[in-house]
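# Chain and residue survey
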Amino acid sequence: MKYRTFAFSVQGESHIRLGKCCQDYSYSYSDEKYSVISVCDGHGGRDYVRSEIGSEIACKTAAENIKAFIENADIQKLKTNPDEMLTKLEASIINDWNEKVNEHYRNNPFTENELFLVSEDARTDYENEIEIESAYGTTLLAAAVTKDYWFAIQIGDGSCTLLEEDGKFISPVPDDENCYMNITTSMCDSDALSCFRHYFSEAQPLAVFLCTDGVDNSFDEKENENAFFQVIVNSYAGMSEKTAEKELSDFLPKLSAKGSCDDISIAAFIDKYKTKAMAMSETGSSDQ
């Protein structure tokens, strides 16, 4: 596959100060046929006492389902009716996530310490095994690219940013009006399927970035966040993959400290050939 793929999650500055674990999780995979990325942000409220587990399960479950989807999809049907096909994929991810969350709970019942931390209402529900999925609540963003198409799916806040062939950054996945301030839709919602949004295209992207809101909230303007993405693209175009990844992983804790102070997750796939050609063209080095 012609794409460089990466995923990073770092503990937020505020979580370090408070001794809280990182509730984000991220994932990337690439082979000769396709690339898959995902990021999740476990909810920070006191009732979401296992959100760091929920986010990890969601990331891995999404990746598993997306890989199976790509391997078995009727490409012509997908291109003809992507909404129907992607909705089925989203439903499969939700069902698997719920099954795995409940399996985790069965093998690991809530401890007294966990129940002590949650609100009285949540404690009552959890003790009666009502809506235990809420304890694992998380957002999910995932994307995949093949030689024939690419797509992104999302529930909750965070962002998907596409770098187009003309060098412009856009946000292809529709906004969710139910996500505002610290309110977000979630994998644990009873109507989670209706809260999913997605995007499908047959055009090959130069790059796609998925970020939890810890990244988004570290920038006061979307243009500044896009400039950050451009720096990453240029780094991967001009450096070895190992060096570019080290620079990015070293910078992310600083971004959290100076910005949102929240956990941060970022994942991307970047066309290593076209972005390098673009960088060379912009610097004029291809003509000198």
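All of these numbers come straight from a predicted model, not from anything done at the bench.

## Brief notes about the sheet that holds strand β8 (residues 197-201)
Read across the open sheet, the five strands follow the order β2-β3-β4-β5-β8; overall the sheet is antiparallel. Both edges of this open sheet fall to β2 (24-30) and β8, since each of them pairs with a single strand only. Along the sheet, successive strands turn relative to each other by an average axial angle of 5°, direction set aside. Sheet topology note: the β2/strand β3 (residues 34-41) ladder contains seven bridges and is antiparallel. Its bridge partner being in β3, Y29 is matched across the sheet by V36. Here helix α2 (residues 51-72) sits on the sheet and contacts β2, β3, β4 (140-146) and β5 (150-155); the angle it forms with β3, its principal contact strand, is near 155°. Lying on the sheet, helix α4 (residues 82-107) is in contact with β4, β5 and β8; it crosses β8 at an angle near 135°.

## Notes on helix α9 (residues 222-238)
With 17 residues, α9 ought to run about 24 Å at 1.5 Å a step, and its terminal C-alpha atoms sit 24 Å apart, in line with that. What α9 keeps buried is the set E225, N226, F228, F229, Q230, I232, V233, S235, Y236 and A237.

## Comments concerning the side chain of T212
As for its placement among the helices and strands, T212 is situated in the loop between β9 (207-211) and α8 (213-216). Among the polar contacts made by the side chain of T212, one reaches the side chain of D24 at a distance of 2.9 Å. Once you skip the residues sitting within four places of it in the chain, T212 turns out to touch D24, V39, C40, D41, G158, D263, I264 and S265.

## Digging into the sheet that holds strand β6 (residues 159-163)
Read from one edge of the open sheet, five strands run β1-β10-β9-β6-β7, paired in antiparallel fashion. With partners counted over all chains shown, the strands left at the sheet margins are β1 (3-10) and β7 (169-170), one partner each. Pairing between β6 and β7: two bridges, direction antiparallel. Counterpart to L162 in the pairing with β7 is I170. Contacts between helix α10 (residues 241-258) and the sheet are confined to β1 and β10 (264-271), with β1 contributing the most and set at about 30° to the helix.

## Structural notes on the state of the cysteines
For the structure shown, the criterion picks out zero disulfides. With no disulfide of its own, C21 has C22 as its nearest cysteine by sulfur position, at a separation of 7.3 Å. Classification of C21 as partly exposed rests on a relative accessible area of 36%.

Rules used throughout
Residues numbered from 1 in each chain as written. Predicted model: local features only at pLDDT ≥ 70, side-chain atom pairs only at ≥ 80, totals over all residues. Heavy atoms only, no water. Pairing = 2+ DSSP bridges. Helix = DSSP H or I, 4+ residues; strand = E, 2+ residues; numbered from the N terminus. Axes fitted to C-alpha atoms, helices over the stretch in contact; angles between N-to-C directions. Contact = heavy atoms within 4.5 Å. Expected span 1.5 Å × (residues − 1). Buried < 20%, exposed > 50% of the residue type's maximum accessible area, 1.4 Å probe, protein only. Polar contact = N/O pair within 3.5 Å; in protein donor to acceptor, adjacent residues only side chain to side chain. Disulfide = S-S within 2.5 Å.

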